[in-house]
Amino acid sequence: MRKPFIPLAIILVSTALLPFGSSMADQPAAPALTVSLVTPTRRDWPETVPASGWLKPWQEAVIASETSGLRVTDVLVDVGSVVTKGQTLVRLSQESVLADLRKQAAAVETAKANLAKAKANADRARQLRPSGAISDEKIAERLTDEQMAIASLESQKAALDSQKIKLAQTTVTAVDDGLISSRTADLGAVVSTGTELFRLIRQQRVEWQAEVSARYLSRISEGQGVEVNGPDERPIRGKVRLVGPSVSTETGRAMVYVTLPTDVHPRVGLYVTGSIELKTTSALTVPETAIVFSDGISYVFRVSDDRRVQRVRAETGRRKDGEVEIISGIDQSSRIVASGGAFLSDHNLVNIAE
């Protein structure tokens with residue numbers, strides 16, 4: 001009887017695989033990953049409306065020249081200076097104003113002398129009227145001169161007051177406490193009435209002018225809490241000051257004005273995001289570190305009694321202070337891997353840290 005023919009290649013491959021198969025059988029199982037567990041926590045969280053917008057001054061005051069034809073002699077503050085109400089910011093040349101003031105003061109003294117003379121003549125005419133020593137025409141003339149002298153004195157006094165006001169206007173002061181946000185005052189420049197010299201952020205108050213979708217307007221009202229994502233990644237608490245009365249026909253969004261704390265002074269002109277708090281509702285939360293993302297989907301790893309993990313799809317919602325809301329997928333009795341889920345696969349065996 002002929003022996004069956006076994007190809008040499010099969011014999012060689014089988015012989016080569018024998019040590020590998022033996023080593024696979026002898027290799028120990030991979031050690032289990034040690035994890036910490038958490039259980040979902042029920043918290044009271046506010047419902048929020050997302051918003052975004054610019055940080056702008058609460059009110060900006062324009063500080064301008066009230067006189068004309070005078071030269072800037074001193075500029076005492078610059079952009080970024082914190083000033084108080086009444087503080088001197090700019091001085092204008094006073095030489096011509098002082099000369100006009102002295103001239104007008106002399107005119108007032110002349111008017112006083114003229115009035116004294118006219119009054120003396122009028123008094124004499126009044127005394128002589130009963131005797132008929134002076135004509136009625138002359139009496140009327142002297143009384144009229146007295147009235148004209150009184151009017152002339154009042155006019156000269158008003159002109160003197162005007163010159164004093166012009167002198168005061170050579171010193172430009174802050175209209176309120178605040179922060180200088182811009183400066184156009186230049187040393188040596190000759191100003192005109194209304195020339196802008198500075199802009200001032202009143203009381204250093206900055207507000208957030210946030211845009212929100214019009215569909216939320218009926219649920220937003222003054223006094224509601226707001227959380228702004230500050231430029232330094234630190235949240236800023238604020239309150240709704242005013243809900244804009246109109247909606248943009250181009251974007252379908254409305255403006256909400258948010259008051260920020262007076263001790264917070266973020267830079268104006270920054271575009272930031274945040275959320276407006278509507279009402280408080282219950283939320284089932286887990287740490288953000290428990291969430292694992294795969295293909296844009298959120299998962300958590302739930303641990304069973306036999307210490308094996310199960311990857312569960314979890315729909316997430318609100319986020320706050322390192323916690324994330326779980327809308328569906330797990331309940332409050334679930335035991336969840338707190339962190340490190342990216343290193344786990346479905347049905348892995350884990351050790352549980354005490």
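Attention in this report is confined to the structure presented alongside it. (Residues numbered from 1 in each chain as written. Predicted model: local features only at pLDDT ≥ 70, side-chain atom pairs only at ≥ 80, totals over all residues. Heavy atoms only, no water.)

### Let's talk about the overall build of the chain
Now for step 1: A count of helices and strands for the chain gives three helices and 23 strands.
Now for step 2: Here the C-alpha atoms of the chain give a radius of gyration of 43 Å, more than 25% beyond the 20 Å that 2.2 N^0.38 yields for 354 residues.
Now for step 3: Principal-axis analysis of the C-alpha atoms gives the chain an extent of 180 × 45 × 45 Å.
Now for step 4: Taken across its 354 residues, the chain has 31% of its residues classed as buried.
Now for step 5: Long-range pairs, those at least 24 residues apart, make up 74% of the contacts in the chain with a sequence separation of at least 6. (Helix = DSSP H or I, 4+ residues; strand = E, 2+ residues; numbered from the N terminus. Rg over C-alpha atoms; globule rule 2.2 N^0.38 Å. Buried < 20%, exposed > 50% of the residue type's maximum accessible area, 1.4 Å probe, protein only. Contact = heavy atoms within 4.5 Å.)

### Brief notes about the packing of aromatic side chains
Now for step 1: Taken as a whole and judged by the stated rule, the model has one aromatic pair.
Now for step 2: A centroid spacing of 4.9 Å and a plane angle of 70 degrees characterise the contact between W54 and Y271, whose relative ring orientation is edge-to-face. Residue W54 is found in strand β3 (residues 41-57), and its partner Y271 is found in strand β16 (residues 271-287); the two are separated by 217 residues along the sequence.
Now for step 3: Stacked on the ring of W58, the Lys or Arg R205 has its end atom at 3.9 Å from the ring centre. (Phe/Tyr/Trp six-rings, centres within 6.5 Å; stacked < 30°, edge-to-face > 60°. Lys NZ or Arg CZ within 6 Å of the ring centre and 35° of its normal.)

### Digging into the sheet that holds strand β4 (residues 60-64)
Now for step 1: Strand order in the open sheet formed by four strands is β4-β11-β9-β6, with antiparallel pairing between adjacent strands. Looking along the sheet, the strands with just one partner apiece sit at the ends: β4 and β6 (82-83).
Now for step 2: As judged from the five bridges shared by strand β9 (residues 178-183) and strand β11 (residues 196-202), these two strands associate in the antiparallel manner. Of the residues in β11, the one forming a bridge with R183 is F198. (Pairing = 2+ DSSP bridges.)

### Regarding the pattern of salt bridges
Now for step 1: A complete count under the given rule lists 18 salt bridges for this structure.
Now for step 2: Ionic pairing is found between E60 and R199, a salt bridge with its closest N-O pair at 3.6 Å. With E60 in strand β4 and R199 in strand β11, this pair connects stretches of sequence that are 139 residues apart.
Now for step 3: Of the residues examined, R199 reaches a relative accessible area of 29% and is grouped as partly exposed.
Now for step 4: Three or more residues are tied together by salt bridges with common partners; here these are K119, D123, R126 and E146. (Salt bridge = Lys/Arg side-chain N within 4 Å of Asp/Glu carboxyl O.)

### Some thoughts on the pairing of β3
It is a general feature of regular strands that their side chains alternate between the two faces of the sheet.
Now for step 1: As paired elements, β3 and β16 share 13 bridges and run antiparallel to each other. Residue pairing in the sheet places D44 in a bridge with S282 of β16.
Now for step 2: Across six bridges, β3 lies against strand β12 (residues 206-213) in antiparallel orientation. Within β12, the residue paired with L55 across the bridge is W208.

### Quick notes on the pairing of β4
Now for step 1: Every second residue of β4 is oriented toward a common face, the buried set being A61 and I63 and the non-buried set E60, V62 and A64.
Now for step 2: In this sheet, β11 lies alongside β4 in antiparallel orientation, the contact comprising five bridges. Note on β11: the bridge partner recorded for I63 is F198.

### A closer look at helix α3 (residues 136-168)
Now for step 1: Under the 1.5 Å per step criterion, the end-to-end length of α3 is 48 Å for 33 residues, consistent within 8% with the ideal 48 Å.
Now for step 2: Buried residues in α3 make contact with α2 (95-128). (Expected span 1.5 Å × (residues − 1).)

### Some points on the nonpolar core
Now for step 1: W208, V212, I220, V226, V228, V256 and I276 are the most contacted members of the largest nonpolar core, which has 21 residues in total.
Now for step 2: If you list the elements that add at least two residues to this core, you get β3, β12, β13 (225-229), β14 (235-247), β15 (253-259) and β16.
Now for step 3: Per element, the largest residue contribution to this core is four residues, and it comes from β12.
Now for step 4: Within the second largest apolar cluster, 18 residues are counted, among which are V77, V90, V172 and L200. (Core = buried A, V, L, I, M, F, W, Y, C linked by side-chain atoms within 4.5 Å.)

### A word on the sheet that holds strand β8 (residues 171-173)
Now for step 1: One open sheet accounts for four strands, arranged β8-β7-β5-β10; its pairing is antiparallel. Each edge of the open sheet carries a strand with a single partner, namely β8 and β10 (190-191).
Now for step 2: Two strands pair when backbone bridges link them, and strand β5 (residues 70-75) and strand β7 (residues 88-92) are joined in this way by three bridges, in the antiparallel orientation. Bridge assignment links V72 to a residue of β7, and that residue is L92.

### Brief notes about the packing of α2 against α3
Now for step 1: At a closest axis distance of 8 Å, the pairing of α2 and α3 adopts a crossing angle of 160 degrees. By the angle between their directions, the pair α2 and α3 is classed as roughly antiparallel. Viewed along their axes, α2 and α3 form a crossing whose handedness is left-handed.
Now for step 2: Here the residues of the contact of α2 with α3 are counted per class, giving 19 nonpolar, six polar and 11 charged. (Axes fitted to C-alpha atoms, helices over the stretch in contact; angles between N-to-C directions. Parallel < 35°, antiparallel > 145°, perpendicular 65-115°, else oblique. Left-handed = near helix turned anticlockwise from the far one by under 90°. Nonpolar A, V, L, I, M, F, W, Y, C, P; charged D, E, K, R; others polar.)

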